[in-house]
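Structure at a glance
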Amino acid sequence: MNGQPARRSRSALVRALPTWGTSLVAAVVVLGPALLPGFVLVGDMVFVPKLPLNASLLGIGAAAPRAVPSDLVVALAGSVLPGQLVQKLVLLALLVAAGAGAARVVPLRPLAAAAVALAYVWNPFVAERLAIGQWAVLAGYAALPWVVRGCWRLGLQPTSSGRAASAAIVLGSLGGAPAWLLVVLGAVPAYVTGAVSRTGAAEEAGSGGRARALGRRAVLLALLLVATALPWAVPAVARPGGTVGDPLGATVFTPHADTAFGVLFSLLTGGGVWNGQVVPPGRLTVVGSLMAAALLLISLAGLVLGLRRRTPGAAAVTVVGGLGLLVATATAVPLVADAMAGLPGGGLLRDGSRQVAPWVLATSVGLGLAIEALASTVARPGRVLVVLVGLLPVAALPAAGWGVSGRLVPTQYPADYAAVARMVDAADGAVAVLPFEAYRRFPWNGHRSSLQPLPRFLSAVTVSSSDLVVRQPSGAVVRVPGEDRLATEVAAALRSGSPTSRLGQLGVRWVVVDVDGAAPPAGTVERYAGSRLRLYEVPVVDPVAAADPARRWQPPWLVVLWGDLLAVVVVVVLVAGDWGRATGGAPKRPDSRCNADTVQ
């Protein structure tokens, strides 16, 4: 008897090895050169040697809290590890956790589970999010299967402690608002599906008590979801004037066709990104689209089989996937997109193709269910066909490999960045970065588009444009106005006839100019001349404004800190607590029709 737990642990480890191994191999191949020495700078993904710990990491600043709390997590990790190692560990951990989690959503044999892991790591969604630099979105994506499984069990099993579900929700929400939304799209329908399944199966006495327990658990789940949103929601709402995105963004960032068969088909196959420049090579071709169609049909057939056979978890992942697809498709309708743009929090749904992530999970699980059914019907010599079907995600999108066909190539920062940081951080005042654009194509980064990295090097308030310049498929260039009002004031000062005077009034002491970009404002004094960067000082600066340049546009400190404290308290209590005992859901005897062997 004493050896049974050990044998079970060894057996569980053996069963898990294929899925974890497949996830690791797939993640390494997808990331490819990104795991080599150096920093990968692409799109929104900008890691630096050491991200300074300052108030902006809590959303206390003039800029919208888009990187809250993800940048805080990176800064804390970077305080003990080199920045480039943090980047590589984060990317690798997210993809491995994503694949391993997806393989556990429904009970499958090792081969089918490995196919699920591969499909969830190797697909257009992951490739396009990596190519556009949205690594924080992948935090929600990686947590999604764990959230779905945990919340489904939370609704289904009265003895479940809720710790697995709550931990997955918290970890996924660390990616910020877009990742949090993916967590919500997984948690709520999964819990409801589990609760409905439990209620429908329960006919014996005591069903009223279970209903009350389910209701109390729903309240705890809602509290946890609200608490995990507070770190970014409070500063967004408490900013003077709030955080309201420009309606133009709702049009520019709607899903676009990245296949030969239109927008809806692109979303159905896990794509639809608005930025055509990050679409993996071959996906837009007819051959690539036909391969994606074959993979989709097999996955749908697997989901149908799972539903008909009542495979545990199949209904939950189907409902979750369907909801995500519905939301993503709705954002592609101009009338719906325009309506959402005017609603509070409507900016969460901007870039609607992100919400297709739950559908990617559903189709990945569907592929595993199809392979499970196929493996049980073919003779041993036919197992080669089963393996080939499992490799279909790679055949449908080979360009996702090796850093999305070489897009994720690491580089090294010029020494000027560290030199400028040392000089600037020694005095107060804000820093303006020229050219005054949010994204740049640096020659030392292979001319790949990325966010300005300098603001992440500096402890001082650093101002660059928050406007987004987007080149549409038609070739037209559209500028979507940003929400950073300090950046708007600095941009106006730079365009004025007396830029130095206006900058000084705003508390801007320094101007950093890239040698390949713009000229310095007239009247500034050069303090540093490097091969890539020049540093100029504004002669006369308002000392009050320099002490806190963002004071007029940032949310109140106390409001933000109280929101963070409340979030921490609620999260600690709910993650550490036992939801089964707290809601009175733990029966004296386990229900033989819904035991741990059935719900895997």
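Note: the structure precedes this text.
Nothing here was measured: the structure is a model prediction, and the numbers come from that model. Note that residues are indexed from 1 along each chain, following the sequence as it is written. Per-residue local features of the predicted model are confined to residues with pLDDT of at least 70, and side-chain atom pairs are confined, for both listing and counting, to 80 or more; whole-chain, interface and lining totals are unaffected and use all residues. Just so you know, side-chain values use all the structure's heavy atoms and leave hydrogens and water out.

1. Examining the packing of helix H6 (residues 135-156) against helix H15 (residues 357-377)
Here is the rule we go by: Geometry is summarised by axes, namely lines fitted to C-alpha atoms with helices restricted to the contacting stretch, and by angles between N-to-C directions that run from 0 to 180 degrees. A run of DSSP states H or I qualifies as a helix once it reaches four residues; a run of E qualifies as a strand once it reaches two. Both are numbered from the N-terminal end. Note on angle classes: values under 35 degrees are labelled roughly parallel, values over 145 roughly antiparallel, values of 65 to 115 roughly perpendicular, and the remainder oblique. Should the near helix be turned anticlockwise from the far one by less than a right angle, the crossing is termed left-handed; should it be turned clockwise, right-handed. It only takes one pair of heavy atoms within 4.5 Å for two residues to be counted as in contact. The classification used treats Ala, Val, Leu, Ile, Met, Phe, Trp, Tyr, Cys and Pro as nonpolar, Asp, Glu, Lys and Arg as charged, and all other residues, Gly among them, as polar.
Between H6 and H15, whose axes approach to 10 Å, the crossing angle comes to 60 degrees. In terms of their interaxial angle, H6 and H15 are classed as oblique. Classified by chirality, the crossing of H15 by H6 is right-handed. On H15, the residues touching Tyr141, Leu144, Pro145 and Val148 of H6 are Ala357, Pro358, Val360 and Leu361. Tallied by class, the residues present in the contact of H6 with H15 amount to 8 nonpolar, no polar and no charged.

2. Re the pattern of salt bridges
Just so we agree on the cut-off: Salt-bridge detection follows one rule: a side-chain nitrogen of Lys or Arg within 4 Å of a carboxyl oxygen of Asp or Glu. Each residue is assigned to one of three classes by its accessible area relative to the maximum for its type, calculated with a 1.4 Å probe on protein chains only: buried under 20%, partly exposed between the two thresholds, exposed over 50%.
Counted under the stated rule, the structure contains 12 salt bridges. A salt bridge links Asp351 to Arg129; the nearest nitrogen and oxygen atoms lie 3.1 Å apart. Taken together, the positions of Asp351 in the loop between helix H14 (334-341) and H15 and Arg129 in helix H5 (residues 124-132) put the pair 222 residues apart, joining distant regions of the chain. Grouping residues by exposure puts Asp351 and Arg129 together as buried. A salt bridge links Asp258 to Arg283, with the shortest nitrogen-to-oxygen separation between them at 3.2 Å. Linking Asp258 in the loop between helix H10 (247-252) and helix H11 (262-268) with Arg283 in the loop between H11 and helix H12 (286-308), this pair joins segments that are 25 residues apart in sequence. The burial state of Asp258 is the same as that of Arg283; both residues are buried.

3. Re the sheet that holds strand E9 (residues 533-537)
In any sheet, the strands associate via hydrogen bonds between backbone groups, in a parallel or an antiparallel arrangement. Formally: Being paired, for any two strands, means DSSP has found at least two bridges between them.
Reading across the sheet, the 5 strands line up as E4-E1-E7-E9-E8 and stay open at both edges, with mixed pairing between neighbours. The open sheet is flanked by strand E4 (462-463) and strand E8 (525-529), the only strands paired with a single partner. Note that strand E1 (residues 430-434) and strand E7 (residues 508-514) share 5 bridges and pair parallel. Bridged to Ala432 within E7 is Val511. Contacting E1, E7, E8 and E9, helix H19 (residues 415-424) runs over the sheet at an angle of about 15 degrees to E9.

4. So, unusual backbone geometry
Here Val68 and Pro69 are connected by a cis peptide whose omega angle stands at 0 degrees. Mapped onto the elements, Pro69 comes out in the loop between helix H1 (4-31) and helix H2 (70-78). Omega for the bond connecting Leu434 with Pro435 falls within 30 degrees of zero, at 0 degrees, which places this linkage in the cis form. Inspection of the secondary structure puts Pro435 in the loop between E1 and strand E2 (439-441). One non-glycine residue with positive phi stands out, namely Val404, at about 50 degrees.

5. Section: the pairing of strand E5 (residues 468-471)
Residues in a regular strand point their side chains to alternate faces of the sheet. Burial of the side chains of E5 is restricted to one face: Leu468 and Val470 are buried, whereas none of Val469 and Arg471 on the reverse face is. Looking at chain direction, E5 and strand E6 (residues 477-480) are connected through 4 bridges and run antiparallel. Bridging from a neighbouring strand, Val470 pairs with Val478 of E6.

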